[in-house]
Amino acid sequence: MTLWPQHLILVGPMGAGKSSVGRSAASFLRLPFSDTDQMVENACRMSIARVFAEKGETAFRMAETLALHRLLSIPTSVIATGGGAVTREENWEYLISSGLVVWLRVSPEESLRRTEGDTNRPLLLQGDRLDRLRELQQQRESWYRRAHRTIEADHRSVPDVTREVVALYEEWRNSLDQNAKVPV
Ligand code: S3P
């Protein structure tokens, strides 16, 4: 067994399925599951939409970084991050060294389909949603590319993507255990 952190961390745009897949993968792997958005809501005692409206995006990002640090310092777990958590260099310093980072990649069209009617995503409340999602994808693509692994998640079900995530994670953990073995 390796002693360093072995979290399974899901990154990707809004509607990529990070929370649903994360929850399902955690149950497969018998690990605790956490969601940075949920942590921010609990810490601020208000919805994400209200945090943005009353405190502003900068305050939200600070709370998100704090949540991430807290989660990454607990024993191995599955963590779903908010779509913009990847955009702070400070977050990456922790993410990349705390486990396996998997990018659930979806197109802006798929994100749109999956977030339709949602009112708790403030970045999508102004202007044309698809344009906004395309713009965010362009701005963030290079950040997401830093992930250790990528899964193409367009048009795929939660169980299907979960299977692939779990397989990647188990393969990665096995490789860590192999490397940690002391030859006799
Ligand atoms: C955001 C994504 C949201 C949430 C907040 C900001 C973003 O999380 O953190 O609305 O910047 O892309 P999901 O990706 O879980 O929707």
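Each value, and the rule that gives it
- Residues numbered from 1 in each chain as written.
- Predicted model: local features only at pLDDT ≥ 70, side-chain atom pairs only at ≥ 80, totals over all residues.
- Heavy atoms only, no water.
- Salt bridge = Lys/Arg side-chain N within 4 Å of Asp/Glu carboxyl O.
- Buried < 20%, exposed > 50% of the residue type's maximum accessible area, 1.4 Å probe, protein only.
- Helix = DSSP H or I, 4+ residues; strand = E, 2+ residues; numbered from the N terminus.
- 1 Å grid on protein atoms, 1.4 Å probe; cavity = no way out; pocket = protein on both sides within 12 Å on 5 of 7 lines; lining within 4 Å.
- Points joined across faces, edges and corners; volume = space filled by probe spheres on them.
- Nonpolar A, V, L, I, M, F, W, Y, C, P; charged D, E, K, R; others polar.
- Core = buried A, V, L, I, M, F, W, Y, C linked by side-chain atoms within 4.5 Å.
- Contact = heavy atoms within 4.5 Å.
- Near = heavy atom within 4 Å.
- Polar contact = N/O pair within 3.5 Å; in protein donor to acceptor, adjacent residues only side chain to side chain.
- Areas by Shrake-Rupley, 256 points an atom, 1.4 Å probe, with all protein chains shown as cover.
- Sits in = over half its atoms within 2 Å of the grid points.
- Expected span 1.5 Å × (residues − 1).

Moving on: the pattern of salt bridges. Under the counting rule described, the total for this entry stands at 15 salt bridges. In this structure, the salt-bridge partner of Arg88 is Glu90, at a minimum N-O distance of 3.9 Å. Residue classification places Glu90 among the partly exposed residues on the basis of a relative accessible area of 36%. For Arg105, the salt bridge goes to Glu141, with nearest N and O atoms at 3.5 Å. On the criterion of sequence distance, the pair formed by Arg105 in strand E4 (residues 99-105) and Glu141 in helix H7 (residues 129-144) is long-range, its members being 36 residues apart.

Once that is clear, we can look at the layout of surface pockets. There is about 490 Å³ of room inside the largest pocket. Lining the largest pocket are 28 residues, with Met14, Asp37, Gly82, Gly83 and Arg121 sitting closest to its centre. For the lining of the largest pocket, the secondary-structure elements that each account for two or more residues are helix H1 (18-29), helix H2 (36-44), helix H3 (48-55), helix H4 (57-72) and helix H6 (108-115). Partitioning the lining of the largest pocket into residue classes produces seven nonpolar, 11 polar and 10 charged.

On to the nonpolar core, then. In this structure, Leu8, Leu104 and Val165 are the most contacted members of the largest nonpolar core, which totals 22 residues. Broken down by secondary-structure element, the contributors of at least two residues to this core are strand E1 (7-11), H1, E4 and helix H8 (158-180). Each residue touching Val165, except ones within four places of it in the same chain, is listed here: Leu8, Leu10, Val21, Ala25, Leu104 and Ile151.

Take the site of the ligand next. Neighbouring the ligand are 14 residues; Lys18, Asp37, Arg61, Arg121 and Arg140 lie closest to it. Here an oxygen atom of the ligand sits 2.6 Å away from a polar atom, N or O, in the side chain of Lys18. Gly83 has a polar backbone atom sitting 2.8 Å from an oxygen atom of the ligand. Surface burial for the ligand is 96%, taken as the share of its 380 Å² of free accessible area covered by protein chains. Put simply, the ligand lies in the largest pocket.

For H8, spanning 23 residues, the distance from its first C-alpha to its last is 32 Å, which sits close to the expected 33 Å at 1.5 Å a residue. Among the residues of H8, Val161, Thr162, Val165, Val166, Leu168, Tyr169, Trp172, Arg173 and Leu176 are the ones counted as buried.

Attention now moves to the environment of Ala85. Its place among the elements puts Ala85 in the loop between strand E3 (78-80) and helix H5 (89-95). Owing to a relative accessible area of 1%, Ala85 belongs among the buried residues under this scheme. On a C-alpha basis, the gap between Ala85 and Glu164 in space is 23 Å, while along the polypeptide they are 79 residues apart. When neighbours within four sequence positions are excluded, Ala85 is seen to be in contact with Arg61, Glu64 and Asn91.

Counted under the stated rule, the structure contains two cavities of 30 Å³ or more. Considered as a void within the structure, the largest cavity measures approximately 80 Å³ in volume. For the largest cavity, the full set of lining residues is Pro13, Met14, Val106, Ser107, Pro108, Ser111, Leu133, Leu136, Gln137, Arg140 and Tyr144. Within the residue set of the lining of the largest cavity, elements represented by two or more residues are H6 and H7. Counting residues per element, the lining of the largest cavity draws most heavily on H7, at five residues. For the lining of the largest cavity, a count of residues per class yields seven nonpolar, three polar and one charged. One number sums up the size of the second largest cavity: a volume of about 50 Å³. Looking at the lining of the second largest cavity, the elements with two or more residues in it are E4 and H7. The element contributing the most residues to the lining of the second largest cavity is H7, with three residues.

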